[in-house]
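A closer look at the structure
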Amino acid sequence: MSTQDSFEKTKKTTLKRSPEYADYDKQAVYEILDSGYMCTIAFVIDGMPYLNPTLYWRKGDYVYWHGLSGSRMLLEQAKNVDVCFNVSHLDGLLLGRSAFHHSVNYRSVTIYGKTELVEDHDEKMEVAFDLIESYFPGRRSELREHKEEEILKVKFLRLPIEEVSAKHRYDNSVMDILRRQESPAIMEYGPEGVNPHCWTGTIPIRTVMGTPISDTATDPNIQLPGYLSRSRFKADF
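Now for a look at the structure at hand. Source: prediction; values computed, not measured. (Residues numbered from 1 in each chain as written. Predicted model: local features only at pLDDT ≥ 70, side-chain atom pairs only at ≥ 80, totals over all residues. Heavy atoms only, no water.)

**Things to note about the packing of aromatic side chains**
All chains considered together, the criterion is met by nine aromatic pairs. Ring centres 6.4 Å apart and planes at 80° place the aromatic pair tryptophan 57 and phenylalanine 156 in the edge-to-face group. Here phenylalanine 156 lies in strand E9 (residues 154–160) and tryptophan 57 lies in strand E4 (residues 57–59), a separation of 99 residues in the sequence. Using a relative accessible area of 2% as the deciding quantity, one classes tryptophan 57 as buried. According to the relative accessible area criterion, phenylalanine 156 is buried, its value standing at 2%. Site record: aromatic cluster; members linked through ring pairs are Trp57, Tyr62, Tyr64 and Phe156. (Phe/Tyr/Trp six-rings, centres within 6.5 Å; stacked < 30°, edge-to-face > 60°. Helix = DSSP H or I, 4+ residues; strand = E, 2+ residues; numbered from the N terminus. Buried < 20%, exposed > 50% of the residue type's maximum accessible area, 1.4 Å probe, protein only.)

**Observations concerning the sheet that holds E4**
With antiparallel pairing, four strands are arranged side by side in an open sheet as E4-E5-E9-E8. In this open sheet, the two edge strands, each paired with only one partner strand, are E4 and strand E8 (116–117). When strand E5 (residues 62–68) meets E9, the two strands line up antiparallel, connected through seven bridges. The residue bridging histidine 66 from the neighbouring strand is phenylalanine 156, located in E9. Those strands touched by helix H3 (residues 121–135) are E4, E5 and E9, and its axis lies near 120° from that of E4. (Pairing = 2+ DSSP bridges. Contact = heavy atoms within 4.5 Å. Axes fitted to C-alpha atoms, helices over the stretch in contact; angles between N-to-C directions.)

**As for the pairing of strand E3 (residues 48–55)**
For strand E2 (residues 38–45) and E3, the ladder comprises eight bridges, and the chain directions are antiparallel. When the bridges of E3 are listed, cysteine 39 appears paired with threonine 54. In sequence, E2 turns back onto E3 through a hairpin of two residues, with aspartate 46 there showing a positive phi of about 50°.

**Examining the pairing of E9**
Every other side chain in a regular strand lies on the same face of the sheet, so the side chains alternate between the two faces. Burial analysis of E9 places seven of its seven residues in the buried class, the great majority of the element. Burial of E9 is two-sided: the residues Val154, Phe156, Arg158 and Pro160 facing one way and the residues Lys155, Leu157 and Leu159 facing the other way are all buried. Of the pairings in the sheet, the one linking E8 to E9 comprises two bridges and is antiparallel in character. Bridging from a neighbouring strand, glutamate 116 pairs with arginine 158 of E9.

**A closer look at the nonpolar core**
Core analysis: the largest hydrophobic core is formed by 23 residues, its most contacted members being Val29, Leu33, Phe85, Val109, Ile111 and Ile161. If you list the elements that add at least two residues to this core, you get helix H1 (26–33), E2, E5, strand E6 (82–95), strand E7 (103–114), E9 and strand E10 (163–169). If we skip the residues at most four places from it in the chain, valine 29 touches Phe7, Asp23, Val109, Ile161, Val164 and Ala166. Val127, Ala128, Tyr135 and Val154 belong to the second largest nonpolar core, which has eleven residues in total. (Core = buried A, V, L, I, M, F, W, Y, C linked by side-chain atoms within 4.5 Å.)

**What to know about H3**
Along its 15 residues, H3 runs 22 Å from first to last C-alpha, staying within 8% of the 21 Å computed at 1.5 Å per residue. All buried positions along H3 are accounted for by Lys124, Val127, Ala128, Phe129, Asp130, Leu131, Ser134 and Tyr135. Along its buried surface, H3 packs onto E3, E4, E5, helix H4 (148–152) and E9. Where H3 begins, one side-chain oxygen reaches toward the backbone nitrogen of aspartate 122, 3.2 Å away; that side chain belongs to aspartate 120. (Expected span 1.5 Å × (residues − 1). Polar contact = N/O pair within 3.5 Å; in protein donor to acceptor, adjacent residues only side chain to side chain.)

**Quick word on a nonpolar patch on the surface**
Together, Leu90, Leu93, Trp199 and Ile203 make up an exposed nonpolar region whose accessible area comes to about 370 Å². Among the secondary structure elements, isoleucine 203 is positioned in strand E11 (residues 201–204). Judged by its relative accessible area of 37%, isoleucine 203 is partly exposed. (Patch = residues over 30% accessible without salt bridge, like charges linked within 9 Å, V, L, I, M, F, W, Y side chains within 5 Å. Areas by Shrake-Rupley, 256 points an atom, 1.4 Å probe, with all protein chains shown as cover. Salt bridge = Lys/Arg side-chain N within 4 Å of Asp/Glu carboxyl O.)

As far as function goes, none of this settles anything; it's purely spatial.
Structural data, given as structure tokens:
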């Protein structure tokens, strides 16, 4: 069973390949979810598979997303359908001496479950603010209230974070992986190894925010809000 600190493994979430990289710790799952903006949602319409890349945010034990009320994707997802929800981050490229020894550092979370349509009007009003607050904590106080027509134009959906697993890896080099796997290929990287003049190593990858650029509607005397430097998009692994 799920506990306060970890999620229960299920047939869908039990990793068969490289299970040593699996993680069911709630804090690990939430940290990976809270480190990004974009997700991919897979589902089926009339027997055909579809993928929907979209913005998402987490509140408590749910992930949320939204879209125009008339969107075919949202109309189908609003029917309490089964989906597979994924968030992935690429943190580095690992280069070895063989094409087959190249790899990546990454963090990923996959959630399975049935979609839930947010139907209560007051809840929709609140969720619309949660979207902005999840990206820029403190910005809500500067925004006007929603217009009724704005709320009517969008659908908000959510997915309970219950059947879920994380998978992540951070290695300093390909040799770390080969040692862990107890692979005989590690001998290729010794002093007498093959192709010793081939460069090997790791190229870190970071996602960072650039310097904000005010548009022409902004009073030039307004200083940049502090929350622009406190946004959660950003934590390095």
